[in-house]
Each structure stands twice: as structure tokens, then as C-alpha cells.
Amino acid sequence: MDETAIRRALTRIAHEIVEKNKGIDNCIIVGIRTRGIYLARRIADRIKEIEGKPLPVSELDITRYRDDRSKAVLTSDIEVAAGIGDTDGLPIDVQDKRIILFDDVLYTGRTIRAAMDALMDCGRPQSIQLAVLVDRGHRELPIRPDFVGKNVPTSKQEQIEVSLTEVDSSDQVIIIHQRGQAG
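If you're wondering where the values come from, they're calculated on a predicted model, not measured in any experiment.

## Brief notes about the side chain of Glu158
Counting through the fold element by element, Glu158 comes out in strand β7 (residues 158–163). Salt bridges are absent for the buried Glu158, whose nearest opposite-charge side chain, Arg136, sits at 6.0 Å. Within the structure, the side chain of Glu158 is placed 2.8 Å from the side chain of His177, a separation counted as a polar contact. Once you skip the residues sitting within four places of it in the chain, Glu158 turns out to touch Arg136, Ile175, Ile176 and His177.

The structure is reproduced here in C-alpha cells:
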């Protein structure tokens, strides 16, 4: 995907979010750190253009909720909060809100599971909807996105790399073919 394709996909997702939720009342968009928060902010900007009012945007750090971290690391964490906050880092209230969780790439589903655990530690949302820029398949958990920018079937030997101008030098999505890996 180039910059134009990413922009079109995000515009379409923004319209789908508004349509599915019959507006944006009681909604919060939550971006998973790192690239998910930048995509969430872009979606919120498009929704503001559509609806004429802002959609709250929050950032979620799921580091301590990942299942690939050792228990020793988890028990030594000094963090007490789930790591969710508004763009100023302040905690947000998710209780009875419709959460639109945004990430760049959906692969095994483990990042999303960690994000849902983090959200549930902050309260009980009315619902959690999932938006992703790219769905590459290969799920290990029963997680399905509500909003998808592009489905990109890949092999397990391939990797999807998302570049965004906020972090990288350009907007693009590319497939990287990994060679010589066992398994």
C-alpha cells in the first residue's frame, strides 16, 4: 500500500465506524502503541470531518500484558496502571464506553488479546470493536477485526512492515520475504 491507498483505507474505515455506531456518541478510539496510536489519531481526524465533532483518542501500552514476557519480568514491573491514557497521558474512563481499538497489523491475535486484558483492567466497556490497517491472517486466537483497511494473505515466512510518517520517513505497507529461516 502506498500513501494514497493508506489514506483511502483509513477514510473508508472512518465511515464504517460512524455507520456501525450510528454516530460517535459514547465512543473512544484507542490506539495500540506504537503505530496504532498514529492510525487512531488519523481516523479521529477523519471522523471529526464527517461528524463535525471530535472523537476522544487514547493510547494503550500493552507491554506488561504480553504473553511472551516472562513471569519474572511481569512481577518486577512497578507499573500499577494498565497503561491507557489520553493523548496527555492521563487515565481515561472506559466504563460503559464503546471502544474502537486500533492497531496496524493483525497477525496471531495475541497483541489484541493483551490489549483487551489491559482495557478490562481499566473498567468494563460496553463493547470493544477492532480496527486494523492490515489483516495478514494466521490467527492463533479467535479474534476477528470489525474494520479492515486491507486483507493481505501472507505466508508465515513473510512479514508485513508498516511505515508511517509520524515514526518513519513515509507512509507505506510492504511485504518482506524472509529467506533461509527454518520451520
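Next comes the rest of the description.
## Re the packing of aromatic side chains
Evaluated as defined, the whole model comprises 0 aromatic pairs. Over the face of the ring belonging to Tyr107 we find Arg136, whose NZ or CZ atom lies 3.9 Å from the ring centre.

## Here's the deal with the nonpolar core
Ranked by size, the top nonpolar core spans 30 residues in total, and within it Ile29, Ile43, Ile47, Phe102 and Leu133 carry the most contacts. Top element by residues in this core is helix α1 (residues 3–20). It accounts for 7 residues. In contact with Ile29, other than residues within four places in its own chain, are Ala40, Ile43, Ala44, Leu55, Pro56, Val57, Ser58, Ile100 and Phe102. If you look at the next biggest cluster of nonpolar residues, it comprises 20 residues, including Ile28, Ile92, Leu119 and Val148.

## Structural notes on the environment of Gln126
Among the structural elements, Gln126 can be located in the loop between α4 (110–121) and β5 (127–135). Those residues in contact with Gln126 that lie beyond four places of it in its chain are Asn26, Asp96, Lys97 and Arg98.

## Concerning the packing of α1 against helix α2 (residues 35–51)
The packing of two helices is summarised by the inter-axis angle and the distance between the axes. Contact geometry for α1 and α2: axes closest at 9 Å, N-to-C directions at 60°. When the interaxial angle is binned, α1 and α2 end up oblique. For α1 against α2, the interelement crossing comes out right-handed. Touching Ile6, Arg7, Leu10, Thr11, Ile13, Ala14, His15, Ile17 and Val18 of α1 are Leu39, Arg42, Ile43, Arg46, Ile47, Ile50 and Glu51, all from α2. Partitioning the contact of α1 with α2 into residue classes produces 10 nonpolar, 2 polar and 4 charged.

So, how was this worked out
Residues numbered from 1 in each chain as written. Predicted model: local features only at pLDDT ≥ 70, side-chain atom pairs only at ≥ 80, totals over all residues. Heavy atoms only, no water. Helix = DSSP H or I, 4+ residues; strand = E, 2+ residues; numbered from the N terminus. Buried < 20%, exposed > 50% of the residue type's maximum accessible area, 1.4 Å probe, protein only. Lys, Arg positive; Asp, Glu negative; His and termini not counted. Salt bridge = Lys/Arg side-chain N within 4 Å of Asp/Glu carboxyl O. Polar contact = N/O pair within 3.5 Å; in protein donor to acceptor, adjacent residues only side chain to side chain. Contact = heavy atoms within 4.5 Å. Phe/Tyr/Trp six-rings, centres within 6.5 Å; stacked < 30°, edge-to-face > 60°. Lys NZ or Arg CZ within 6 Å of the ring centre and 35° of its normal. Core = buried A, V, L, I, M, F, W, Y, C linked by side-chain atoms within 4.5 Å. Axes fitted to C-alpha atoms, helices over the stretch in contact; angles between N-to-C directions. Parallel < 35°, antiparallel > 145°, perpendicular 65-115°, else oblique. Left-handed = near helix turned anticlockwise from the far one by under 90°. Nonpolar A, V, L, I, M, F, W, Y, C, P; charged D, E, K, R; others polar.

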